[in-house]
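Structural description and commentary
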Amino acid sequence: MFTTIIITKPAFFDGEAARITALLRQGMAGFLHIRKPGSAAEEVETLLRQIPKDCHCRLVLHDHFALAVRYGLYGVHLNSRNPLPPEGWTGSVSRSCHSLEEVRQWKDRCRYVSLSPIFDSVSKPGYASAFSREEIARAVLDGTIDSRVYALGGVTFSRLATVEAMGFGGAMILGDAWRE
């Protein structure tokens, strides 16, 4: 089943918890990643306290993994800042990948991985697509890209059908989800 994941903006903003709750409850995303690089654990915890508990089972943290344990969140997302899950973690583990080699290295050790950038970024000017359609098609044929690999980078709601047709198991959206 194709899944859409939304990633938060890097900076906190007024009304963010209400917007996260609405995105989840309105079915705009199966899961939501809280990605706040450089944030303090207390700031992330303040946001988590404002999100209703029934939504916690659909939240994934990119930092401050102890909060994922404390609040019973769905998962943790590994990255260069946090390369390992917390000791004893039994929830979902995902990871960011920026090459097909990284996907091959990590996808069997994670519930899912993201591959980016698939399209030119919506939220990061100058962050251009790193893969041709032909490379993606070959990676689908050889089994590198499958249901556990999610497209990231320039993915918009209007491109979801294209991403699914390309052979990805899901899509991760950042910039397009937070446009006014």
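Use the structure listed above.
Structure report, in brief. Computed from a predicted structure; not experimentally measured.

**What to know about the overall build of the protein**
Counting its secondary structure elements, the protein contains 6 helices and 8 strands. When the helices and strands of the protein are read in sequence order from the N terminus, they spell out β-α-β-α-β-α-β-β-α-β-α-β-α-β. Compactness check: the protein gives a C-alpha radius of gyration of 16 Å against a globular reference of 16 Å for 180 residues, within 12% of the reference. Its C-alpha atoms give the protein principal-axis dimensions of roughly 45 × 40 × 30 Å.

**Some remarks on the pairing of strand E8 (residues 170-173)**
Side chains on a regular strand alternate between the two faces of the sheet. By the alternation rule, side chains of E8 split into Gly-170 and Met-172 and Ala-171 and Ile-173, which are all buried. Here strand E1 (residues 3-7) runs beside E8; their pairing, made up of 4 bridges, is parallel. Residue Thr-4 lies in a different strand from E8, and its bridge partner there is Ala-171. When strand E7 (residues 149-152) meets E8, the two strands line up parallel, connected through 3 bridges. Within E8, the position partnered with Tyr-150 by the bridge is Gly-170. Handedness of the crossover joining E7 and E8 through helix H6 (residues 160-166): right-handed.

**Observations regarding the packing of aromatic side chains**
Taken as a whole, this structure holds 3 aromatic pairs when the rule is applied. When the ring centre of Phe-13 is taken as reference, the NZ or CZ atom of Lys-9 above it lies at 5.0 Å. One Lys or Arg, Arg-159, reaches over the ring of Phe-119 and ends 4.3 Å from the middle of that ring.

**What about the sheet that holds strand E4 (residues 75-78)?**
Spatially, 8 strands are ordered E1-E2-E3-E4-E5-E6-E7-E8 in a closed barrel, and the strand pairing comes out parallel. In this sheet, neighbouring strand axes are inclined to one another by 25° on average, regardless of whether the strands run parallel or antiparallel. When E4 meets strand E5 (residues 92-97), the two strands line up parallel, connected through 4 bridges. Note that in E5 the partner of Val-76 across the bridge is Val-93.

**Concerning unusual backbone geometry**
A cis amide bond, omega -5°, links Ser-116 with the succeeding residue Pro-117. Mapping Pro-117 onto the fold places it in the loop between strand E6 (112-115) and helix H5 (133-141). The phi dihedral of His-64 is positive, around 55°, even though this residue is not glycine. Here His-64 is to be found in the loop between strand E3 (59-61) and helix H3 (65-71). Exposure remark for His-64: the relative accessible area of 25% places this residue in the partly exposed category.

**A few points about the pattern of salt bridges**
Across all of its chains, the model carries 9 salt bridges by this definition. Notably, a salt bridge pairs Arg-25 with Asp-54, separated by 2.6 Å at the nearest N-O pair. Note that Arg-25 is positioned in helix H1 (residues 16-25) and Asp-54 in the loop between helix H2 (41-50) and E3, a separation of 29 residues in sequence. Residue classification places Asp-54 among the partly exposed positions, given a relative accessible area of 46%. The partner of Asp-108 in a salt bridge is Arg-148, with the nearest N and O atoms 3.1 Å apart. Taken as a pair, Asp-108 in the loop between helix H4 (100-106) and E6 and Arg-148 in the loop between H5 and E7 lie far apart in primary sequence, 40 residues in all. Residues joined by salt bridges that share partners form a network here, namely Lys-107, Asp-108, Asp-146 and Arg-148.

About the criteria used
- Within each chain, residue numbers correspond to sequence positions counted from 1 in written order.
- Per-residue local features are limited, in this predicted model, to residues with pLDDT of at least 70; the limit for side-chain atom pairs, both in listing and counting, is 80 or more; totals at the level of whole chains, interfaces and linings are taken over all residues.
- Working from all heavy atoms in the structure, the side-chain values ignore hydrogens and water.
- Secondary structure elements are defined from DSSP: runs of H or I of at least 4 residues count as helices, runs of E of at least 2 residues count as strands, and each element is numbered from the N terminus.
- Throughout, radius of gyration means the C-alpha value; the globule benchmark is 2.2 Å times the number of residues raised to the power 0.38.
- When accessible area is computed with a 1.4 Å probe and restricted to protein chains, residues below 20% of their type maximum are described as buried, those above 50% as exposed, and intermediate ones as partly exposed.
- In this scheme, strands are said to pair when DSSP sees at least two bridges between them.
- The crossover handedness rule: strands pointing away from the viewer, path from first strand over the helix to second strand clockwise, crossover right-handed.
- Working definition: a ring pair exists when centres of Phe, Tyr or Trp rings (six-membered ring for Trp) sit within 6.5 Å. Plane angles under 30 degrees give stacked, over 60 give edge-to-face, the rest tilted.
- Put simply, a charge is over a ring when the Lys NZ or the Arg CZ is close to the ring centre, within 6 Å, and near the line of the ring normal, within 35 degrees.
- To get an axis, a line is fitted to the C-alpha atoms, and for a helix only the part in contact is used. The angle between two axes follows their N-to-C directions and goes from 0 to 180 degrees.
- When a carboxyl oxygen of Asp or Glu lies within 4 Å of a side-chain nitrogen of Lys or Arg, that pair is called a salt bridge.

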